[in-house]
Amino acid sequence: AGFPEQLFLMIQDGSKKCPHILDWHPDCSAFEIFDTKNVGNFISRYFRHGKVSSLRRMLHLYQFSTSNNVFRHPYFHRDMSLADLKRYVVKKPTP
């Protein structure tokens, strides 16, 4: 699975198992990291790293906006399908 799919699965899992670390924003159109010190252990379950800085870099590459540990993308929300993720959440074109 690619980055958007892994990210989606990580947030879905986090919202069920440890919503005190990361969870969907109340409007379901963004996700929030509440515990930046302990989220690394959770990130490493889904990605080869456990660094928040690496996650932020990837989110930026996939055109997510961020504000106060809330990450948003116009086509990334809780109720979307994995097929839609592959279609709409794509990397920035390289210059």
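Our structure is the block above this text.
What you see is a predicted model; the values in this text were computed from it and never measured.

(A) Examining the nonpolar core more closely. Counting residues in hydrophobic clusters, the biggest one holds 26 residues, and the most contacted among them are Leu7, Met10, Phe31, Leu55, Phe64 and Phe76. Of all the secondary structure elements, the ones that give two or more residues to this core are helix 1 (3-17), strand 1 (22-24), strand 2 (30-33), helix 2 (39-43) and helix 3 (52-61). Looking at this core element by element, the count peaks at five residues for helix 1.

(B) View of the packing of aromatic side chains. The final tally for this structure, using the stated rule, is 10 aromatic pairs. On the basis of an interplanar angle of 25° and a centroid distance of 5.1 Å, the ring pair of Phe31 and Phe71 is categorised as stacked. Here Phe31 is found in strand 2, whereas its partner Phe71 is found in strand 4 (residues 70-72), with 40 residues between them in sequence. Taken together, Phe8, Trp24, Phe31, Phe64, Phe71 and Phe76 form an aromatic cluster joined through their ring pairs.

(C) Local environment of the state of the cysteines. As enumerated under the stated definition, the model contains zero disulfides in all. Cysteine Cys18 remains unbridged, with the sulfur of Cys28 as its closest cysteine sulfur at 17 Å. Take Cys18: its relative accessible area is 8%, and that puts it in the buried class. On the basis of relative accessible area, Cys28 is assigned to the buried category, the value being 14%.

The rules we used
Residues numbered from 1 in each chain as written. Predicted model: local features only at pLDDT ≥ 70, side-chain atom pairs only at ≥ 80, totals over all residues. Heavy atoms only, no water. Core = buried A, V, L, I, M, F, W, Y, C linked by side-chain atoms within 4.5 Å. Buried < 20%, exposed > 50% of the residue type's maximum accessible area, 1.4 Å probe, protein only. Helix = DSSP H or I, 4+ residues; strand = E, 2+ residues; numbered from the N terminus. Phe/Tyr/Trp six-rings, centres within 6.5 Å; stacked < 30°, edge-to-face > 60°. Disulfide = S-S within 2.5 Å.

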